[in-house]
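Structure at a glance
Listed below, chain by chain, are the residues.
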Amino acid sequence: QVQFVESGGGLVQPGGSLKLSCAASGFSFSTYAMSWYRQAPGAEREEVVFIGSNGRTSYADSVTGRFTISRDNSKNMVFLQMNSLKPEDTAVYYCNAPALLLRGTRWGQGTQVTVSS
């Protein structure tokens, strides 16, 4: 059974940093690209960053230069380092594998990030 468990969210002041973690299980993690998504209140869920199975990364314009995705295939984990956080980064953050989403894989519970003074 495919499962994602996100952690590391919290309340941070503008300009602060957080590091999110995602533990994945139930599939051959190292062979799948992974992404972080976020959903702000009243908004659609959006993909913000992608890392391929080969380590290639891609970032949404809104987070380029501030967020960094990484993965540890030995631990089946993906991380999101978020720096210079802005109030507009406030959202619930989720990880998932884009290819598995196409097959109807469920979302995890997500982790709340709130950027506020």
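Everything numeric in this text was worked out from a predicted model, so none of it was measured.

Another point: the overall build of the protein chain. Looking only at helices and strands, one finds one helix and ten strands in the protein chain. Going from the N terminus to the C terminus, the protein chain shows its helices and strands as β-β-β-β-β-β-β-β-β-α-β. Radius of gyration (C-alpha) of the protein chain: 13 Å, near the 13 Å computed for a compact globule of 117 residues. Across its three principal directions, the C-alpha atoms of the protein chain cover 40 × 25 × 25 Å. Counting over 117 residues, the protein chain shows a buried share of 40%.

Looking now at the nonpolar core. Core analysis: the biggest nonpolar cluster contains 28 residues, and F27, M34, W36, V78, L80, M82 and Y93 have the highest contact counts within it. Of the residues forming this core, the biggest block, four residues, is contributed by strand β3 (residues 18-25).

Taken together, four strands build an open sheet; the order of strands is β1-β3-β8-β7 and the sheet is antiparallel. Of all the strands in the sheet, just β1 (3-7) and β7 (67-72) have a single pairing partner and so form its edges. Between one strand and the next, the sheet's axes are offset by a mean angle of 15 degrees, whatever the strand orientation. Here β1 pairs with β3 via five bridges, running antiparallel. Counted as the bridge partner of Q3 is S25 from β3.

Sheet strands pair via backbone hydrogen bonds, and the direction of the pair is either parallel or antiparallel. Judged by pairing direction, the sheet is mixed, and its six strands sit side by side in the order β2-β10-β9-β4-β5-β6 without closing on themselves. What marks the edges here is a single partner per strand, and that holds for β2 (10-12) and β6 (57-59). Across the sheet, the mean angle from the axis of one strand to that of its neighbour is 25 degrees, orientation sign disregarded. Where strand β5 (residues 46-51) and β6 come together, three bridges link them in antiparallel fashion.

Okay, the side chain of D89 next. By secondary structure assignment, the location of D89 is in the loop between β8 (77-82) and β9 (91-96). In terms of polar contacts, D89 uses its side chain to reach the side chain of R66, at 2.7 Å. Within the structure, the side chain of D89 is placed 2.8 Å from the backbone nitrogen of K86, a separation counted as a polar contact. With residues up to four places along the chain from it excluded, the contact list for D89 reads R38, R66, F67, S84, V113 and V115.

Scoring rules and cut-offs
Residues numbered from 1 in each chain as written. Predicted model: local features only at pLDDT ≥ 70, side-chain atom pairs only at ≥ 80, totals over all residues. Heavy atoms only, no water. Helix = DSSP H or I, 4+ residues; strand = E, 2+ residues; numbered from the N terminus. Rg over C-alpha atoms; globule rule 2.2 N^0.38 Å. Buried < 20%, exposed > 50% of the residue type's maximum accessible area, 1.4 Å probe, protein only. Core = buried A, V, L, I, M, F, W, Y, C linked by side-chain atoms within 4.5 Å. Pairing = 2+ DSSP bridges. Axes fitted to C-alpha atoms, helices over the stretch in contact; angles between N-to-C directions. Polar contact = N/O pair within 3.5 Å; in protein donor to acceptor, adjacent residues only side chain to side chain. Contact = heavy atoms within 4.5 Å.

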